[in-house]
Amino acid sequence: MRAATSTWIAFALAAVAPSACNGDKDADTGQVTGDADADADADADADADADADTDRPQGGYVRFANVADEIGTVNLFAQGIMAPIATLVAIDGTPWKGTPVGNSTLVATPDQDPPTADSPQMPLQVEAGGRYTVVAYGAPGDLHLVGGRDSDAGLAATDVRYQLLNAAPGSSAVDVIDLSDGSSMAADLAYGDQAAVDAPARARDVGLDLDRDGAADYTYAVPDAGAGVVVPIYFVYRDAEPLLAVYSPGGQLMVVEPDGWTGTTTGTGTTGTTGGSGTTGTTGGSGTGTTGTTGTGGSGTGTGTTGTGTTGTGGSGAGTTTTTTTTDTGP
């Protein structure tokens, strides 16, 4: 946590009772001289002052936080007071400061900027015994100032009341989850939205569901603040890291960093090594075909059938036998 660098100027100065004087006796008469009258008057005045102090209403208590990380240092002014009543660096807060009862208007400005009609402001009515928290948040050109009484009305004696604020500029709506039992502490909490939730007093892990998918993306260990108290919790960014700024009942603004990212991210893979060029293949040799064997056609030799003529029967003369021979020559 950054060290507090706050200054606070009280709205009013306490009355100082005059001191009494010792009376002197007259040397000749032994009687008390006129100094005794002064003593009596002083005593009466002191008694009157004491009575007035007893009758004066008890004041309240105010604390101021600055969670505007992108803006940096913020000054807080009160109506009728020219100098800042508080100057805070980013993600810092004052402890409780006693403040007289009454109405006032508070104005916030970035450091070195004087209050103007356009500066964010809020009315504050301090009642006797009341406790009030005021917080500045936002981005350059978009500073906001909100707050009010830390009311414990209706809070069970065994519970703590968390007052949640999405104070992260540019953030989308988020869900806040009590991871001890999975219950919802706030749903659809957009930038600038507030929500109050009562829960059993104990240390607990609080989850932020940034994409509202029902699972916590970041988890935070919030310590036990005790029962019967109001604990403001602000969701903020510092250097692009989501944080919770938690105001303790004792008046200390604590920064709770996430235990780690528990969501799923799409990583960028490492570029693979470029593959080397393949080895050039060996050129195949020229094939030589085997010369085919020249075929030889065989010469066919045909043999004709010798025909035999039928012997005719002649008349009375003798018949003549004729023999005919035919030769067939193949191609």
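None of the values given here were measured: they were computed from a predicted structure. (Residues numbered from 1 in each chain as written. Predicted model: local features only at pLDDT ≥ 70, side-chain atom pairs only at ≥ 80, totals over all residues. Heavy atoms only, no water.)

This paragraph deals with the sheet that holds strand β14 (residues 204-209). Judged by pairing direction, the sheet is antiparallel, and its 4 strands sit side by side in the order β12-β11-β14-β15 without closing on themselves. Edge positions in the sheet fall to β12 (183-189) and β15 (218-222), since each of these pairs with one other strand and no more. Adjacent strand axes in the sheet meet at a mean angle of 20 degrees when their direction is disregarded. Bridging between strand β11 (residues 174-178) and β14 involves 4 bridges; their strand directions are antiparallel. Across the sheet, residue D178 finds its bridge partner in β14, namely V206. (Pairing = 2+ DSSP bridges. Helix = DSSP H or I, 4+ residues; strand = E, 2+ residues; numbered from the N terminus. Axes fitted to C-alpha atoms, helices over the stretch in contact; angles between N-to-C directions.)

Turning our attention to the confidence of the model for the protein. With 61% of its residues at a pLDDT of at least 70, the protein reaches an overall mean of 75. The low-confidence segment residues 1-40, where pLDDT is below 50, has 57 contacts with residues more than four positions distant or belonging to other chains. Note on residues 289-331: pLDDT under 50 across the span, and 10 contacts to partners over four residues away in sequence or across chains. (pLDDT = per-residue confidence, 0-100. Contact = heavy atoms within 4.5 Å.)

The tally for this structure, following the rule as stated, stands at 2 aromatic pairs. Judged by centre distance (5.6 Å) and plane angle (55 degrees), the rings of F235 and Y237 are tilted. In this arrangement the basic side chain of R63 is found over the ring face of Y247, its NZ or CZ atom lying 4.1 Å from the centre. The lysine or arginine in question, R131, covers the ring of W96, its NZ or CZ lying 4.9 Å from the ring centre. (Phe/Tyr/Trp six-rings, centres within 6.5 Å; stacked < 30°, edge-to-face > 60°. Lys NZ or Arg CZ within 6 Å of the ring centre and 35° of its normal.)

Turning our eyes to something else, we now look at the nonpolar core. In this structure, Y162, L164, V176 and L244 are the most contacted members of the largest nonpolar core, which totals 24 residues. Within the residue set of this core, elements represented by two or more residues are β10 (159-166), β11, β12, β13 (194-200), β14, β15, β16 (230-238) and β17 (241-247). (Core = buried A, V, L, I, M, F, W, Y, C linked by side-chain atoms within 4.5 Å. Buried < 20%, exposed > 50% of the residue type's maximum accessible area, 1.4 Å probe, protein only.)

Summarising the element assignment, D213 is placed in the loop between β14 and β15. A sequence separation of 38 residues divides D213 from D175, and the C-alpha atoms of the two residues are 9.0 Å apart. A polar contact is formed between the side chain of D213 and the backbone nitrogen of A215, at a distance of 3.1 Å. (Polar contact = N/O pair within 3.5 Å; in protein donor to acceptor, adjacent residues only side chain to side chain.)

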